[in-house]
Structures are given as C-alpha cells and as structure tokens.
Amino acid sequence: PPGRGWGRAPWPPLAPGPPMGRRPPRGGRWGGGGGAFLGVPPPLQLWPDWSSLTADLRTGIGEQRQIVLGAVVVDLNTRTSINVRRADTGEVAALELVTGEAQVRLPSGLPLPFVVTAGAGEVTASGAARFNVRATGPSVCVTCLEGAIELRRADRILVARAAQQITYSGSQEALMTVADPAIVTAWRERMLIFNDEPLTAVVDEINRYRPGRIIVTNAELGRRRVQAQVRLDQLAEVVELIRVGYGAKVTTLPAGIVLLS
C-alpha cells in the first residue's frame, strides 16, 4: 500500500521541505560557438537544452518555485521552463510549458480564458480551476484537480473535470483516464509516490530531482515493480535502498552517474 517503501518498511513522517528557491539571474548572450553547443541535445539530459535555458522562467535541479502572475498562481517543479504571454491589457493570458511540470491555479472572474500550451496541445480554463501539466518526455500529461479544463488539439476538444487526466503525444489520439490527485500533486509536498511502477520509471523520475544520472543496465531489474513513498530530502539514500531491496550491483562513475545492474 502507499506509504511503504523498498523492503516493506514504512518511511519516516514527511518532513517540511526547504523554502521555494529563487531563480538565479539570467546571464548574458552566448557567442556563436556556445549557442551551437547548447543547441545539441544534452547527453543523458545532464544539462538543459537551449530552449529551456532561454525561457522566461526556469527552475534548476531539485528547485521548486511559486510564481504569482496577477491573479494566476503557478507552482513550478524541478527542471521546469515556461514562457509567459500577455494580452494587450498587460494581463498574463497564456503560458508555454517548454519542459518540466507546473501546477496552475486560476480564480473565478478572469476577463479572458487562460491558456497553457504544452507540446501540440492547448489547455484552456475560463473559470476557477486548478490543474497540473507535465511535459518531461515525448508525452504530455494534463490532470484536472479542480473545476474543468479543455484540451484543444488540432480540431478536437476534450473536457476534463476533477480527477480526470489526459495524455497525448505527437499525432496519437489523446487518452483520458481517472487519476489519483494525491500521486499527481505529491511533488508539491516534496514527496514522490510510486504505485506499482517499474523500477526504470521510478529511476527516471528520481533523476529529475538530482544531479548526474542513475542508469538501470539490467532489463530484468528494471522491470521490478516498486511501491514506495520517497521524500525529496531522502534521495541520497535511494541507490542504497535499491541495492539492499533488490540486490542490485552499484557502480559509481564521475559526474554523479550511477549504474545499477
């Protein structure tokens, strides 16, 4: 059941996380050589790509921030980059999620529908609503937490209400499912919840919050199922938990790279 970790031992109570960080000042422009270098997809996602680095708002590894844009409140998770679009009145009317994960809270009475663009879709809300948008790979996942939202892709519109989730990717049909809001929003409590997930998916998620990269090199090990809750301040212990819980062999390399086999 949720709340139990590797080896079926309960995790300690959730400890308060550190305060939301501040974004460091953006540096000057890179020269042609640097820009060309940053335009290359980073190996193992060890650093942000150029579109992420040049976004209006950005969080670093393990950083979370809350941004207040007029009446709209946006919480940014780790490694998240967004661009802000304003209406002619100066009000924030839209966000573009370049990469990462964000939770958006809208009040009632906004003069215009609010739009969040992610991948090939647009999430629109015109009333009081709260929703989570995640774009950390080829798929985009949108979860409605309160109120109602619309997803527009090409000429198709899907409406999601509280606890409904829409996943879409490229030209594939969007898929609507029922979501567990506690799992979707756990990151806001600086917690990760894994409910019968393969170890490879667990490691991919943990990698978003730590420098370097953990790599599962054993396919059988990667298919092992995980039921656990992990605090973000507990990530330094994760490799050891996997070693003990699954008998994995651990190889540590420079730059924070760890191989599990």
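Only a predicted model underlies this, so the values are computations on that prediction, with no experimental measurement involved.

Q: An account of the confidence of the model for the protein chain is needed here, citing residue identities and associated values.
A: In this model, the protein chain carries an average pLDDT of 84, and 80% of its residues clear a pLDDT of 70 or more. For residues 7-38, every residue scores under 50 in pLDDT, and the model assigns this stretch 52 contacts once sequence neighbours within four places are set aside.

Q: If you had to explain the side chain of R153 to someone new, which residues and values would you point to?
A: You can see R153 is positioned in strand β10 (residues 148-153). E173 is the oppositely charged side chain nearest to the buried, salt-bridge-free R153, at an N-O distance of 6.0 Å. A polar side-chain atom of R153 sits 2.8 Å from the main-chain carbonyl oxygen of Q172. The contact partners of R153, leaving out residues within four places of it in the chain, are A120, G121, Y168, S169, G170, S171, Q172, E173 and A174.

Q: Could you give an account of the nonpolar core, with specific residues and numbers?
A: Counting 34 residues, the largest nonpolar core has L95, F114 and F131 as the members making the most contacts within it. Residues within four places of L95 in sequence aside, it is in contact with L69, V74, I82, N83, V84, F114, V115, V116 and T117. Ranked by size, the runner-up nonpolar core spans 22 residues in total, among them W187, V203, V239 and V258.

Q: Go over the pairing of β10 with me, naming the residues and quoting the values.
A: Where a strand is regular, its side chains alternate between the two sheet faces. Across the two faces of β10 the burial differs, with I149, L151 and R153 buried and A148, E150 and R152 not buried at all. The pairing of β10 with strand β11 (residues 156-161) spans 6 bridges and is antiparallel. In the sheet register, E150 faces β11, and the bridge partner there is V159.

Rules of the game
Residues numbered from 1 in each chain as written. Predicted model: local features only at pLDDT ≥ 70, side-chain atom pairs only at ≥ 80, totals over all residues. Heavy atoms only, no water. pLDDT = per-residue confidence, 0-100. Contact = heavy atoms within 4.5 Å. Helix = DSSP H or I, 4+ residues; strand = E, 2+ residues; numbered from the N terminus. Buried < 20%, exposed > 50% of the residue type's maximum accessible area, 1.4 Å probe, protein only. Lys, Arg positive; Asp, Glu negative; His and termini not counted. Salt bridge = Lys/Arg side-chain N within 4 Å of Asp/Glu carboxyl O. Polar contact = N/O pair within 3.5 Å; in protein donor to acceptor, adjacent residues only side chain to side chain. Core = buried A, V, L, I, M, F, W, Y, C linked by side-chain atoms within 4.5 Å. Pairing = 2+ DSSP bridges.

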